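Chain by chain, the residues run as shown.
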Amino acid sequence: MSSERLKILYNPLSPPTQDELRAVRNAPSKISASQITRWKTCRRKWHLSAVHGLRTPSGPEADMGNRIHDALESYVKDGTPLDPDNPELTSARRAVVRGLIPEPRSPQCTTEMEFDVPTQFSEVNLLGFVDVMRELDTKRVVTDYKSKKNPKYALTSTQLANDLQMLIYGHVGMVLNGRRGTTTLQHIVLLTAPPYDAFEVLAPVTDAHVDAFIERLHDETLKPMIYTDAPKHWDEV
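Predicted model only: the values in this text are computed from it and were never measured.

> Please explain the confidence of the model for the protein chain as it appears in this structure.
With 84% of its residues at a pLDDT of 70 or more, the protein chain shows a mean pLDDT of 86. Per-residue pLDDT stays below 50 along residues 1-13; that stretch engages in 17 contacts with residues further than four places along the chain or on separate chains.

See below:
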């Protein structure tokens, strides 16, 4: 669908017809964890971003988090040293010293693993990137780097065990690499303000726990995302 066509459909002064809305609603064939979170928070915002292509510019904190993420990705994947003179990487360097970050070029480790896995609905696949997935001898560990200014915003172990993004990643590991019985979900929290600390939050989850979550995700979220008619006026959402 062309950008000009989208401009016509999303002109707030000329509401689109229901047929046009149905066509646009079903346009996304791939849905990420962040899109699901956005849909659950504000459906209109999800439509504008996932379907219409409108994006909110990232802020300085998000940009810093991306730079820290990129530096750790290069370290784990290629062994690229973390710049000792870069203050932004203070917590990342501490995470390496404390053994929270996998050894560089580890054969058991997949870094920035892109996935595109099917759902129960032929219209939609789940897609995204896992920061680190490790297939160890006794367990699978799924890791996500989280940059935070304040440690109080880090998830607890209980919250992590029920986190939408991480459970999708756990499901992806099961789909692509097989069932292991248990998957350990890991957040590596990197503080971007004093004391620039680094710590991990762990949550072991069973395959059955992940399966139950995915079943609920299909029934309670993906199904209405795909099949529910869009509202007559965007401001109603």
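Additional details are given in the paragraphs that follow.
> Can you walk me through the nonpolar core in this structure?
Grouped burial of nonpolar side chains is what soluble globular proteins tend to show. Among the nonpolar cores identified, the biggest contains 38 residues, and I36, F115, I168, L185 and L217 are the most heavily contacted of them. Excluding anything up to four places from it in sequence, I168 contacts A33, I36, F115, L126, F213 and L217. Counting 17 residues, the second largest nonpolar core, distinct from the first, contains I68, Y75, V132 and Y145.

> Looking at this structure, how should I read the pattern of salt bridges?
If charged atoms from side chains of opposite charge come close, those side chains can pair. For the coordinates displayed, the defined rule picks out nine salt bridges. Ionic pairing is found between R140 and E135, a salt bridge with its closest N-O pair at 2.5 Å. By relative accessible area, R140 is classed as buried at 0%. Here R180 makes a salt bridge to E135, at a shortest N to O gap of 2.7 Å.

> Can you help me understand the pairing of strand β6 (residues 198-206) in this one?
Side-chain positions along a regular strand alternate between the two faces of the sheet. Here strand β5 (residues 182-191) pairs with β6 via nine bridges, running antiparallel. Bridge pairing in β6 places T184 opposite P204. Joining the antiparallel neighbours β5 and β6 is a turn of six residues, in which Y196 adopts a positive phi near 55°.

> Can you walk me through unusual backbone geometry in this structure?
What you tend to see is this: most non-glycine residues have negative phi, and most peptide bonds are trans. Between P194 and the following residue, P195, the backbone shows a cis peptide bond with an omega angle of 15°. Note on placement: P195 falls in the loop between β5 and β6. Look at R105: it is not a glycine, yet its phi comes out positive at around 55°. Secondary-structure assignment places R105 in the loop between α6 (90-97) and β2 (109-118).

> Would you mind showing me how to read helix α5 (residues 60-78) here?
The periodicity of an α-helix, 3.6 residues per turn, causes residues three or four places apart in sequence to face the same way. Compared with the 27 Å implied by 1.5 Å per residue over 19 residues, the 27 Å span of α5 between its first and last C-alpha is a close match. Within the sequence span of α5, burial applies to G65, I68, H69, A71, L72, E73, Y75 and V76. Along its buried surface, α5 packs onto α6, β2, β3 (125-135), β4 (140-148) and β5. Once α5 ends, the next one or two residues include G79, with phi positive near 80°.

> Explain the side chain of S49 to me, please; I cannot follow it from the model alone.
Topologically, S49 is positioned in helix α4 (residues 43-51). The class of S49 is buried, set by a relative accessible area of 6%. A distance of 3.4 Å separates polar atoms of two side chains, one belonging to S49 and the other to R38.

> Got a minute to help me understand the environment of K77 in this structure?
Mapped onto the secondary structure, K77 falls in helix α5. Between the C-alpha atom of K77 and that of E112, which follows or precedes it by 35 residues, the distance is 8.8 Å.

> Sorry, what's going on with the pairing of β5 here?
Counting buried positions along β5 gives nine out of 10 residues, so the element sits mostly inside the fold. Direction of pairing for β4 relative to β5: parallel, over a ladder of nine bridges. The residue of β5 that forms the bridge with V141 is T184.

> How should I be thinking about helix α9 (residues 207-227) in this particular structure?
Counted at 1.5 Å a residue, the expected span for α9 with its 21 residues is 30 Å, and the 28 Å between its end C-alpha atoms agrees. The largest bend in α9 comes to about 40°, at H218. Along α9, the residues that are buried comprise D207, V210, F213, I214, L217, H218, T221, L222, P224, M225 and I226.

Parameters and conventions
- Residues numbered from 1 in each chain as written.
- Predicted model: local features only at pLDDT ≥ 70, side-chain atom pairs only at ≥ 80, totals over all residues.
- Heavy atoms only, no water.
- pLDDT = per-residue confidence, 0-100.
- Contact = heavy atoms within 4.5 Å.
- Core = buried A, V, L, I, M, F, W, Y, C linked by side-chain atoms within 4.5 Å.
- Buried < 20%, exposed > 50% of the residue type's maximum accessible area, 1.4 Å probe, protein only.
- Salt bridge = Lys/Arg side-chain N within 4 Å of Asp/Glu carboxyl O.
- Pairing = 2+ DSSP bridges.
- Helix = DSSP H or I, 4+ residues; strand = E, 2+ residues; numbered from the N terminus.
- Expected span 1.5 Å × (residues − 1).
- Polar contact = N/O pair within 3.5 Å; in protein donor to acceptor, adjacent residues only side chain to side chain.
- Bend = angle between axes of the 7 residues up to and from the residue.

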